[in-house]
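# Commentary on secondary and tertiary structure
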Amino acid sequence: MLDLTNVTVEELNTISIDAAIKNGYVILDPSTYIEKDGIRYFHKPLKVEYDTWAFSTLDCISLAKYFYQKDIYIFAMSINKDFNEKLGEIYIHNGYKDRGYDFFNSFTSSEVDAID
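Heads up: these notes are all about the structure in this document. (Residues numbered from 1 in each chain as written. Predicted model: local features only at pLDDT ≥ 70, side-chain atom pairs only at ≥ 80, totals over all residues. Heavy atoms only, no water.)

## A word on the pattern of salt bridges
Cut-off, in case you're wondering: Here, a salt bridge means any side-chain nitrogen of Lys or Arg that lies within 4 Å of a carboxyl oxygen of Asp or Glu. Secondary structure follows DSSP: runs of H or I at least 4 residues long count as helices, runs of E at least 2 residues long count as strands, and numbering of each begins at the N terminus.
Counted according to the given criterion, the structure contains three salt bridges. Here lysine 47 makes a salt bridge to aspartate 71, at a shortest N to O gap of 3.8 Å. Of this pair, lysine 47 sits in strand S5 (residues 39–49) while aspartate 71 sits in strand S7 (residues 71–78), and the two are 24 residues apart along the sequence.

Written out as structure tokens, the structure reads:
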């Protein structure tokens, strides 16, 4: 994966694809990622609004780049909470933090239940 330590929003915008949204939720197209051992790796970063991604991927975590704006860029995600630890290990053991990646926690089911 790319080294993101000095990447800009403009640079990520040129290589990312906009997420498909339906009824406020992200619709993932299987042609845009590969899935291996419970982790989805996107061929190109997926650009999506922070809140939409957090609601669409309940209980999951993602490798992302976040510039503290409305959009987040997703590079990989766990397919469900059972694979969160595995993605966390990948993040740590492959030095993604040092390479500019963010570890993004989606909302949990209990947080969303509390909102309802």
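## Quick notes on the side chain of serine 62
What counts here: When a residue's accessible area, from a 1.4 Å probe over protein chains only, is under 20% of the maximum for its type it is buried; when over 50% it is exposed; and in between it is partly exposed. Whenever a nitrogen or oxygen atom comes within 3.5 Å of another N or O atom, the pair is scored as a polar contact, on the condition that within protein one atom can donate a hydrogen and the other can accept it, and that pairs from neighbouring residues in sequence are kept only if both atoms are in side chains. In this analysis, two residues are considered to be in contact whenever any of their non-hydrogen atoms come within 4.5 Å of each other.
Residue placement: serine 62 occurs in strand S6 (residues 61–66). Serine 62 gets classed as buried once you look at its relative accessible area, which sits at 0%. A distance of 3.0 Å separates polar atoms of two side chains, one belonging to serine 62 and the other to tryptophan 53. Contact partners of serine 62, with chain neighbours within four places excluded, come to Trp53, Ile74, Ala76, Met77, Leu87, Asp102, Phe103 and Phe104.

## Let's talk about the pairing of S7
Basically, it comes down to this: Each pair of strands is called paired provided DSSP finds at least two bridges between the two strands.
Among the eight residues that make up S7, eight are buried, leaving the element largely enclosed by the rest of the structure. Pairing analysis gives five bridges linking S6 to S7, with the strands arranged antiparallel. Bridged to leucine 63 within S7 is alanine 76. Turn length for the S6-S7 hairpin, with the two strands adjacent in sequence and antiparallel, is four residues, and the turn residue tyrosine 68 shows positive phi of about 60 degrees.

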